[in-house]
Every structure is written in C-alpha cells, then in structure tokens.
Amino acid sequence: MSGETGSESSSETEVTIEAQEVQNGSVSHDHTVSHIDELEDIETSETANLVEDNNATSPETAPSQPVVPKPCCPGLGLFYAFCSCFFFSSASLCVKLISKDHPMNPLEITLVRHIITGLCLLPVMIYLQVPILGQPGQRMILTFRGLTGATALCFSYYAIQHMPLADAAVVIFSSPIFTGIFGRLCLKEHYGLFDIFLTLVTFAGVVLIARPPFLFGGDGESYGSTEHLLATGSAFLTAMLSALAFIIMRKSSAGLGIHYLVQIMFLSVIGAILSVVVLAATSGFTLPPCGTDRYFLIAVGLGGLGGQIFMTKSFLYEKAHAVAVVRTMDIVFAFIFQYLFLHHIPTWLSVGGAVLVASGTVGLTIKKWYVSSKASGNK
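Residues numbered from 1 in each chain as written. Predicted model: local features only at pLDDT ≥ 70, side-chain atom pairs only at ≥ 80, totals over all residues. Heavy atoms only, no water.

The secondary structure content of the chain amounts to 15 helices and two strands. In the chain, buried positions account for 55% of the 379 residues. Looking at the chain as shown, the accessible area adds up to about 16,300 Å², and 68% of this sits on carbon and sulfur atoms. (Helix = DSSP H or I, 4+ residues; strand = E, 2+ residues; numbered from the N terminus. Buried < 20%, exposed > 50% of the residue type's maximum accessible area, 1.4 Å probe, protein only. Areas by Shrake-Rupley, 256 points an atom, 1.4 Å probe, with all protein chains shown as cover.)

Put simply, helix H8 (residues 193-210) and helix H15 (residues 348-377) touch, their axes get as near as 7 Å, and they point 160° apart. Taken as axis vectors, H8 and H15 run roughly antiparallel relative to one another. As for how H8 packs across H15, the hand of that crossing is left-handed. Grouping the amino acids of the contact of H8 with H15 by side-chain chemistry returns 12 nonpolar, nine polar and two charged. (Axes fitted to C-alpha atoms, helices over the stretch in contact; angles between N-to-C directions. Parallel < 35°, antiparallel > 145°, perpendicular 65-115°, else oblique. Left-handed = near helix turned anticlockwise from the far one by under 90°. Nonpolar A, V, L, I, M, F, W, Y, C, P; charged D, E, K, R; others polar.)

What follows is about the nonpolar core. Counting residues in hydrophobic clusters, the biggest one holds 38 residues, and the most contacted among them are Ile 109, Tyr 157, Met 163, Leu 165, Val 170, Val 300 and Ile 331. Sorting elements by how many residues they give to this core places helix H6 (residues 165-172) first, with seven residues. Look past the residues within four positions of Val 170 in its chain and what remains in contact with it is Ile 209, Ile 331, Phe 335, Gly 353, Ala 354 and Val 357. By size, the runner-up hydrophobic cluster in this structure holds 15 residues, among which are Tyr 260, Leu 261, Ile 264 and Ile 270. (Core = buried A, V, L, I, M, F, W, Y, C linked by side-chain atoms within 4.5 Å. Contact = heavy atoms within 4.5 Å.)

A separate point is the packing of aromatic side chains. Counted under the stated rule, the structure contains 13 aromatic pairs. For the ring pair Phe 79 and Tyr 80, a centre distance of 6.4 Å and an interplane angle of 45° mean the geometry is tilted. Each ring, one from Phe 178 and one from Phe 236, has its centre 5.1 Å from the other, and the planes form 90°; the classification is edge-to-face. Residue Phe 178 is found in helix H7 (residues 175-187), and its partner Phe 236 is found in helix H10 (residues 226-252); the two are separated by 58 residues along the sequence. (Phe/Tyr/Trp six-rings, centres within 6.5 Å; stacked < 30°, edge-to-face > 60°.)

So, about unusual backbone geometry. The backbone of Gln 129 shows a phi angle near 60°, a positive value even though the residue is not glycine. When you line up the elements, Gln 129 lands in the loop between helix H4 (106-128) and helix H5 (139-162). In this structure, His 343 takes a positive phi of about 55° despite not being glycine. In this fold, His 343 is placed in the loop between helix H14 (329-341) and H15.

All right, on to a nonpolar patch on the surface then. Where nonpolar side chains cluster on the molecular surface, the patch consists of Leu 122, Ile 126, Ile 132, Leu 133, Val 269, Ile 273, Val 277 and Val 278 and spans about 600 Å² of accessible area. Elements that contribute at least two residues to the nonpolar patch include exactly H4 and helix H11 (260-281). In terms of residue count, the dominant contributor to the nonpolar patch is H11 (four residues). Along the chain, Val 269 falls in helix H11. (Patch = residues over 30% accessible without salt bridge, like charges linked within 9 Å, V, L, I, M, F, W, Y side chains within 5 Å. Salt bridge = Lys/Arg side-chain N within 4 Å of Asp/Glu carboxyl O.)

Where H4 contacts helix H12 (residues 292-317), the axes come no closer than 8 Å and their chain directions differ by 55°. Between H4 and H12, the angle falls in the class oblique. For H4 against H12, the interelement crossing comes out right-handed. Taking contact as the criterion, the partners of Ile 109, Val 112, Arg 113, Ile 116, Thr 117, Cys 120 and Leu 121 in H4 are, on H12, Leu 297, Ile 298, Val 300, Gly 301, Leu 302, Gly 304, Leu 305 and Gln 308. Broken down by class, the residue content of the contact of H4 with H12 amounts to 10 nonpolar, four polar and one charged.

Turning to its location among the elements, Val 357 is positioned in helix H15. C-alpha of Val 357 to C-alpha of Thr 199: the two residues are 158 residues apart in sequence and 9.0 Å apart in space. When near neighbours in sequence (up to four residues on either side) are disregarded, Val 357 contacts Val 170, Phe 173, Ser 174, Thr 202, Gly 205 and Val 206.

End to end, H4 covers 33 Å across 23 residues, agreeing with the expected 33 Å (1.5 Å per residue, within 8%). In the structure, H4 departs most strongly from a straight axis at Leu 121, where the bend amounts to approximately 30° and where the proline Pro 123 lies between one and four residues downstream. Of the residues flanking the start of H4, the one acting as N-cap is Asn 105, its side-chain oxygen 2.9 Å from the backbone nitrogen of Leu 107. Gln 129, located one to two residues past H4, shows a positive phi value of around 60°. (Expected span 1.5 Å × (residues − 1). Bend = angle between axes of the 7 residues up to and from the residue. Polar contact = N/O pair within 3.5 Å; in protein donor to acceptor, adjacent residues only side chain to side chain.)

So, about H6. Burial analysis of H6 places eight of its eight residues in the buried class, the great majority of the element. By the burial criterion, the buried members of H6 are Leu 165, Ala 166, Asp 167, Ala 168, Ala 169, Val 170, Val 171 and Ile 172.

The residue Thr 151 is located in helix H5 in this model. When neighbours within four sequence positions are excluded, Thr 151 is seen to be in contact with Leu 241 and Leu 274.

The subject of this paragraph is the state of the cysteines. Under the defined criterion, the tally for this structure stands at zero disulfides. In this structure Cys 85 is a free cysteine whose sulfur lies 9.2 Å from that of Cys 83, the closest cysteine sulfur available. Overall, Cys 85 belongs to the buried group, its relative accessible area being 0%. (Disulfide = S-S within 2.5 Å.)

Where the model shows low pLDDT, its predicted coordinates should not be examined in detail. On average, residues of the chain score 75 in pLDDT, and 73% of them reach the 70 mark or higher. Counting interchain partners and residues more than four positions distant, the pLDDT-below-50 stretch residues 1-68 has 192 contacts. (pLDDT = per-residue confidence, 0-100.)

So this is what it looks like as structure tokens:
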C-alpha cells in the first residue's frame, strides 16, 4: 500500500513540473518556456487526475481510479498543443510590435504580463478553492521557481525586441538541451554520447543564428553587431534559466504536489514584485502612448495565458513526447509571423540554424521516448 501511495505522489510531482514549464513558454513562449520532452513517460490519466482534482496538493486524497476524459475527436490533444503554439507565438509577435522604433522596457512588458495573468487566474482559483499562494511548505521552492522564471521571461522579451523574431524563438527553443546538461551536473542523470552529439548540433544551430563576427564578419544586416550578440546572449540565458528552473523543481519539489494554478499564480506574483523593484531602482514605469501599443500590451498577457491553458489541456489527452514534437510549430509560426507582419525575410543561415536546433530538440525527444518505451516493455 505504501508503494502505491509513493507512486501516486511521484506521478503528481511529474505532472506539476510539466504544468510549470508551460508557464515559461512565453516566446513561444513565452515561453517558456518548456521542457516537455523530459516528461514523455507521463500517462494522460495521471495528468487528468491533477487537473480535475482541486485537492491535488494532498496525495492521500487522490482517487485510486481516476477518470480519464475522452476526447470528442481523435487528435484533440495535439490540436490543443497546436493552439498553444499559436498563442505563444502571437504574444511574442505583439512584444515585437510594441514601439518598434523605440522598444518598451522589457521589465515593463513583463510587469503588465504578470498583472494580466494574475487578474485572470484569481477568480478561477477562488472558485475552485485552490490556495492562491500554496501551502507554507511549498513557498520556498515556488519562490526560487518564480525568480528564475520571471528573469527568463524578461530576457526573452529583450531578445525578441532586438533580434529577428524567428531567430529569438529558435535560440530559446534550445532549452531542453540545457535541461540534460544541468540534469547531469546537478542530479547525476545519464548523459551519453548521443546526448552530447545532439547538444553540439543545437549549439551549431545557435552559432549560425548569432553569427559572431570572428566567424562570419559583417553582412550588412546588423548580424554580428553588439546589439545582436547581446540579444542572442539574452535568448541563450532564457533557455538556460528555463532549464535551471526545471531542475530546481525536479530536485526539490518531490512529494509536494503543487497545483499548477498555484505555480502560475506564484510566478506572476514574484515576477510582478521583481519587476516593480527593479523599475523603481532604475528608470521607473512609463506606459506607452495611447494607441495600438497598449492593445499590444494586453494581447501579450492574454496570448501568454491562452497558450498556458491550451498547453495544459493538451496533456489531458496526449503524452508529453507527442506534444513536444508539435511544439516545433513555435519556430514555424515565428518564421511565418516574421515574414507576414514584420516583412523580414529570413536568411538561409537562419533557416539552417533553425533546422539544426529543431533537429537537436526533436532528436532528444525521440531518444527519451524510445528509452521509456523500451523500459516499459521490459516490465
């Protein structure tokens, strides 16, 4: 009986971590950003148990035979994942469109995003009777998670503002590779030759996008400039911080069973506080002039929230590895939006870099799916 309870607790923790990563997909994310490929062995029934049970913070109260919702049509979960990519990419486009000539402070955009998310979630959490700030034993790990997630979100917005939209999305999409590296360093997880090869492939794609002057020189499109390299570095930091946040949750939240709404709300609270403090100590907060910029600000918040909702719904019906493959649509939408709305034609080097990064990430997903399937078959 004790073994059965431990299994349920472990499953709930994995699902909680998975839902948390949805929050980081702001660029795409907001990104997110997300490390869905690390969780391919989660059963959809376990995810449904967490979403449907308002008391998911207590493993003992979880039903022994959860009811798995059945989709009204085949592929509904994949459709939800596709919709989440659209919303995340739309939010990123709005960040790019806000004051294109004089970009708004990324901290100000982050603050508005967190406020909108919090205001939308608050009535839902009250209705569902979910503790808004979680339980006392959960708040330390939520604070660490909020700090890393909010910082990653701010860096991602800076990257989107100062480099082509598709390039920023591609670099941030490399975050699962860093999850493997940090997992090896912090959790002593297996990291074999194939993982190293995929990491090198991903880094090669990032180099093609960054185009450092000592390798490529100047090409007349500001590639290799100080601003472009800083933006690439910000996108790189976004991917690393997202991966680090995921490792923190995996290492420290075992058995806590934190509800996914609590995690998103706590991220919004910590992010808003951090943004206010830094803005107060530096330039202060200034809204953009009346007009379309303010509508874009609201769209950033609503787009990020919509992406989170659809991503969470997708896990009710599909396993994580399938959703991870669909997440490559983040890159596709970024290239489409860049061409249609920003009138920027990507270079062949950018396309080649995107292919390498996507190949590395999808390859990691397929590898983990194969390992988990093989392990399941041996049981």
